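Each chain is listed here by its residues.
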Amino acid sequence: MSDKSNLRPHALIGWHSMFMGVALLASARSKDHRARNGACIVTPDHRIVGVGYNGLPRGCNDDDPVYWSDNDDDAFHSRHSYVVHAEINATLNCVVLPLTNATIYTTQFPCPRCAQAIIQAGIRKVVYLREKKHHVGENAASNKMFSSSGVTCEQLEALDHDAYDWSSRLSDFVASKPSSPDEGDI
């Protein structure tokens, strides 16, 4: 019989996996059929202080089809005019401000509008799961602002490959689930 009293306890997942996992679980709350994104903000001492997903502003009716239209040539009929991005929702849902030196975990590389909010909130590090390769100009604009303001930005895959593998599997699971009726909003 082996002596297990000398074994040190350990977590099943690391910090990066946990925080990206929270962002991915938050993304499952999104009703945007084209892109479900989530974000999780953490302090340097690993406390979660904000979580968000992309969705409509409070009070806007999810059942109104205008909010989910995909005509980007007509701002009134484009969901991009209405949907609040996950990073901004996470910032607005924060339990503490300012977010000095915090890290934000995002399922998608932040757009310029979200980069502005991240910088203004005092967040100093971005960890993202994936980026839209066809958003070359938007990604460059966000990177320029991050670089100028001293915000570091890293893809999870380069930072922690095990966390990336785990998060990718969770992302695939979330993406494979069809939308279902709400179980009630909190």
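### Some details on the pairing of strand E4 (residues 125-130)
Working step 1: Pairing of strand E3 (residues 103-108) with E4, which is carried by five bridges, proceeds in the parallel orientation. Bridge assignment links tyrosine 105 to a residue of E4, and that residue is valine 127.
Working step 2: Since E3 and E4 lie parallel, the crossover through helix H3 (residues 112-121) that links them has a hand, and here it is right-handed.
Working step 3: Across four bridges, the pairing between E4 and strand E5 (residues 152-155) is parallel. Across the sheet, the residue bridging to valine 126 is cysteine 153, located in E5.
Working step 4: In this fold, E4 hands off to helix H4 (residues 136-149), which returns the chain to E5; that crossover is right-handed.

### Observations concerning the nonpolar core
Working step 1: Ile41, Leu99, Ile104, Ile118, Ile123, Val126 and Phe146 are the most contacted members of the largest nonpolar core, which totals 18 residues.
Working step 2: Broken down by secondary-structure element, the contributors of at least two residues to this core are strand E1 (38-42), helix H2 (86-92), H3 and E4.
Working step 3: The leading source of residues in this core is H3, at three residues.
Working step 4: With 14 residues, the next largest nonpolar core counts Phe19, Val127, Ala163 and Val174 among its residues.

Calculation notes
- Residues numbered from 1 in each chain as written.
- Predicted model: local features only at pLDDT ≥ 70, side-chain atom pairs only at ≥ 80, totals over all residues.
- Heavy atoms only, no water.
- Pairing = 2+ DSSP bridges.
- Helix = DSSP H or I, 4+ residues; strand = E, 2+ residues; numbered from the N terminus.
- Right-handed = clockwise from strand over helix to strand, strands pointing away.
- Core = buried A, V, L, I, M, F, W, Y, C linked by side-chain atoms within 4.5 Å.
- Buried < 20%, exposed > 50% of the residue type's maximum accessible area, 1.4 Å probe, protein only.

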